Amino acid sequence: MADLSVNFAGIRAPNPFWLASAPPTNSGAQIHRAFEYGWGGAVWKTIGAPVLNISNRYSGLSLGGQRLLAINNVELISDRPLEVNLREIAEVKRMWPDRAVIVSAMVDADPKAWRDIVMMIEDTGADGIELNYGCPQGMSERGMGAAVGQVPEMCELNTHWVTSVTRLPVIVKLTPNITRITEPAHAALAGGANALSLINTINSIMKVDLDTLQITPSIGGRGTHGGYAGPAVKPIALNLLSELVTDEDVRRSGVPICGMGGIQTWRDAAEFLLLGATSVQVCTAAMHYGYRIVEDMIDGLSNWMDDKGFASIDDVAGRAVPQVSTFGQLDLGYQAVARIHADKCIGCNLCYVACNDTAHQCIDLHDPAGVRVDPGYDLRAGGKEVSVGRPRPVIRESDCVGCALCANVCPVDGCIEMVSVPSHRPHVTWDQLSAQQPAVTQQWGAMEAFRAENGFEIH
């Protein structure tokens, strides 16, 4: 059986699944209950400067009947008294010595303020400190949270104030609300950070109610931007993680990275591990389904690792990183085409519509006799006859550019498959072409001649 235990910057945990700093980690009673279900660690909801939270704090995104594909929150850091949080942190750590208890902190950009909070956290016996440089609303207007994470110089300075006075591992949590996430990462490393975590929530306004005409959530008739999280942000989080793990300075530092952003299942977690994270944090999924989801996460990841022959998390971490490339490094001669498995096709013809209207017009409709026909139905027929006689999509592979739009709009899993085919074209990258034949990448005439010579047909 695979070993799921982790040693993250010296912080040990029985598995890589940690609750993120958020409402699920607001109190000792909650974290105690979460640990009973099996969570390997928890990052305590951010403590620090005094706040007052507002009422009506969340708004959810639902699509196609699926609830909470994303959540927008305007909640601030913990509004519980500092001494209560500190006492409960100490109690939880004393009761659960094998679990990772990390405390998220946020105070004014002042060395004394950081020293004071760090000393109090150390006294609890917590395993580590996560610096919250990502909170996008409320605290950032006061010069904390994202206001620090978006300015590398402030990120380095605040991190240094913490690392220079503590013996605990320091994790810097990065904001996604920035153009290049590697810049605050470099600053955090320069400030002495022992680890990085990402992503925090994304600036967002969820929606405007068309009946009330009010921004949601509405707080007494007014609204503001909040933090966007949940399954919908996972692709953004994976991309930003890939930027960190392929950055030369981050790689050379050797600091571990904790990934988060839309993790809902063990499969999501495995993707973060494959892209270089060595632990993960979960929030929205726990808010949606409760703490017990960790049982499926542990079982699923363990079974998958056994099937793949991975003995430990270190065996998984980073396996997909060598594939991460720039556009200029991709093979221009590679060719894939779509193939429809007729036995799975339900005749909805969404692939035909998508290809014909918005892609490359390489899907035809054939009647049951194999004759190409125009779209439409015989209005004189009905019932089963309509189904039997409905035209079916057929791909003209010679014209297919392999964009994969049809496979993505098809409602039947496995009905349309993208398959590799010989292209008989030179296997060259854009970077190589630019270096070897610069005129081809700079002049349309040379480009068209290159295409004609090497069999690149444009549809």
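Bear in mind that the values here come from a model prediction, so they are computed numbers and not experimental data.

Draft legend 1. Highlighting the overall build of the protein. Along its length, the protein carries 18 helices and 21 strands. Viewed in the frame of its principal axes, the protein has a C-alpha envelope of about 80 × 60 × 50 Å. Expressed as a percentage of the 459 residues in the protein, the buried residues total 50%. In the protein, of all internal contacts separated by at least 6 residues, the share reaching a separation of at least 24 is 73%. Only carbon and sulfur atoms are counted for the fraction: they give 51% of the accessible area of the protein, which is about 21,900 Å². Measuring between centres, the 35 positive side-chain charges of the protein sit 4 Å from its 50 negative side-chain charges.

Draft legend 2. Structural detail: the sheet that holds strand E5 (residues 58–63). Sheet architecture is open: 4 strands sit in the order E5-E6-E14-E11, paired in antiparallel fashion. Of all the strands in the sheet, just E5 and strand E11 (202–204) have a single pairing partner and so form its edges. Direction aside, the axes of adjacent strands within the sheet are offset by 40° on average. In this sheet, strand E14 (residues 226–229) lies alongside E11 in antiparallel orientation, the contact comprising 3 bridges. Residue pairing in the sheet places Ile 202 in a bridge with Tyr 228 of E14.

Draft legend 3. Broad picture of the domain arrangement of the protein. Per the domain assignment, the segments of the protein are domain 1 (6–323) and domain 2 (327–430). The centre of domain 1, based on its C-alpha atoms, is set 42 Å off from the matching centre of domain 2.

Draft legend 4. How the structure looks around the pattern of salt bridges. The full count for this structure, using the stated rule, is 18 salt bridges. Residue Arg 252 is joined to Glu 248 by a salt bridge in which the shortest nitrogen-to-oxygen separation is 3.7 Å. Taken together, the residues span about one helical turn, with Arg 252 and Glu 248 both in helix H8 (residues 248–253) at a distance of 4 residues.

Draft legend 5. View of the packing of aromatic side chains. One pass over the full model with this rule turns up 5 aromatic pairs. A ring pair is formed by Phe 8 and Trp 18, whose centres lie 5.5 Å apart and whose planes are at 80°; its orientation type is edge-to-face. With Phe 8 in strand E1 (residues 6–8) and Trp 18 in strand E3 (residues 17–19), this residue pair connects regions lying 10 residues apart in the sequence. When its relative accessible area of 1% is taken as the criterion, Phe 8 is described as buried. For Trp 18, a relative accessible area of 0% corresponds to the buried category. Between Trp 266 and Trp 304 the ring centres are 6.2 Å apart and the planes differ by 40°, which places this aromatic pair in the tilted class. Linking Trp 266 in helix H9 (residues 266–274) with Trp 304 in helix H11 (residues 293–308), this pair joins segments that are 38 residues apart in sequence. Classification of Trp 304 as buried rests on a relative accessible area of 17%.

How each quantity is defined
Residues numbered from 1 in each chain as written. Predicted model: local features only at pLDDT ≥ 70, side-chain atom pairs only at ≥ 80, totals over all residues. Heavy atoms only, no water. Helix = DSSP H or I, 4+ residues; strand = E, 2+ residues; numbered from the N terminus. Buried < 20%, exposed > 50% of the residue type's maximum accessible area, 1.4 Å probe, protein only. Contact = heavy atoms within 4.5 Å. Areas by Shrake-Rupley, 256 points an atom, 1.4 Å probe, with all protein chains shown as cover. Lys, Arg positive; Asp, Glu negative; His and termini not counted. Charge placed at Lys NZ, Arg CZ, Asp CG, Glu CD. Pairing = 2+ DSSP bridges. Axes fitted to C-alpha atoms, helices over the stretch in contact; angles between N-to-C directions. Domains from an automatic or database assignment. Salt bridge = Lys/Arg side-chain N within 4 Å of Asp/Glu carboxyl O. Phe/Tyr/Trp six-rings, centres within 6.5 Å; stacked < 30°, edge-to-face > 60°.

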